[in-house]
Amino acid sequence: MSSPDPFDDILNLEQNFYQRGYSQGLADGAKAGRLEGRQFGMQKGFEKFFESGRLASRAIIWANRIPRLPAATGSSPDGASAAEAAEAAKTCSLPQLPRNARLDKNVKMLYALVEPDTLSTENSDEGVQDFDDRMKRAQGKAKIVERMTC
């Protein structure tokens, strides 16, 4: 029977170091990949919901600028006279948008597309696709409203 070669460990030294380094790199990479993937996902999620919030806010402002039919009574709901309400409206409000049924419809549709309570936060392919589709449609509606208000 032959005895083990005393130089086997020395001859395979490079291969042993390579295997150990590969195993450590694979384990560290898997851990770092999960952390970086989570951070990237959080960043993209924040960016998407930030944009949806921005569009929802713009829709609310546009909706409040659309003229409403005047009230039949001479006082506002909080008990102030019509003159006081008109004076308060002049000092702290944006100018009214022109009356336009199409504008009103587009603003309502824009808000319906980005309403925070109806947006999916599900992390599935279907949920993400629905969110992205609604955002693209909402961005298109926002451009239409922008053009109508200028």
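- Per an unreviewed UniProt entry, the protein carries the name Essential protein Yae1 N-terminal domain-containing protein and comes from Epichloe bromicola.
- What the UniProt record of the protein gives under Sequence similarities (unreviewed entry) is the line "Belongs to the LTO1 family."

**Considering the nonpolar core**
(1) Moving on: Of all hydrophobic cores here, the largest spans 17 residues; its most connected members are Leu55, Trp62, Val107, Leu110, Val114 and Ala138.
(2) Moving on: Of all the elements in the fold, those that place two or more residues in this core are α2 (13-65), α4 (101-114) and α5 (125-149).
(3) Moving on: Excluding residues within four positions of it along the chain, Leu55 makes contact with Leu110, Val114, Met135, Ala138, Gln139 and Ala142.

**A closer look at the environment of Glu146**
(1) Moving on: Tracing the backbone shows Glu146 in helix α5.
(2) Moving on: Setting aside chain neighbours within four positions, we find Glu146 in contact with Arg58 and Trp62.

**Some details on a nonpolar patch on the surface**
(1) Moving on: On the surface, Phe7, Ile10 and Leu11 cluster together into a nonpolar patch covering about 360 Å² of accessible area.
(2) Moving on: Position of Phe7 relative to the elements: it lies in the segment before α1 (8-11).

Cut-offs applied
Residues numbered from 1 in each chain as written. Predicted model: local features only at pLDDT ≥ 70, side-chain atom pairs only at ≥ 80, totals over all residues. Heavy atoms only, no water. UniProt positions renumbered as here; feature names shortened; annotations may be inferred. Core = buried A, V, L, I, M, F, W, Y, C linked by side-chain atoms within 4.5 Å. Buried < 20%, exposed > 50% of the residue type's maximum accessible area, 1.4 Å probe, protein only. Helix = DSSP H or I, 4+ residues; strand = E, 2+ residues; numbered from the N terminus. Contact = heavy atoms within 4.5 Å. Patch = residues over 30% accessible without salt bridge, like charges linked within 9 Å, V, L, I, M, F, W, Y side chains within 5 Å. Areas by Shrake-Rupley, 256 points an atom, 1.4 Å probe, with all protein chains shown as cover. Salt bridge = Lys/Arg side-chain N within 4 Å of Asp/Glu carboxyl O.

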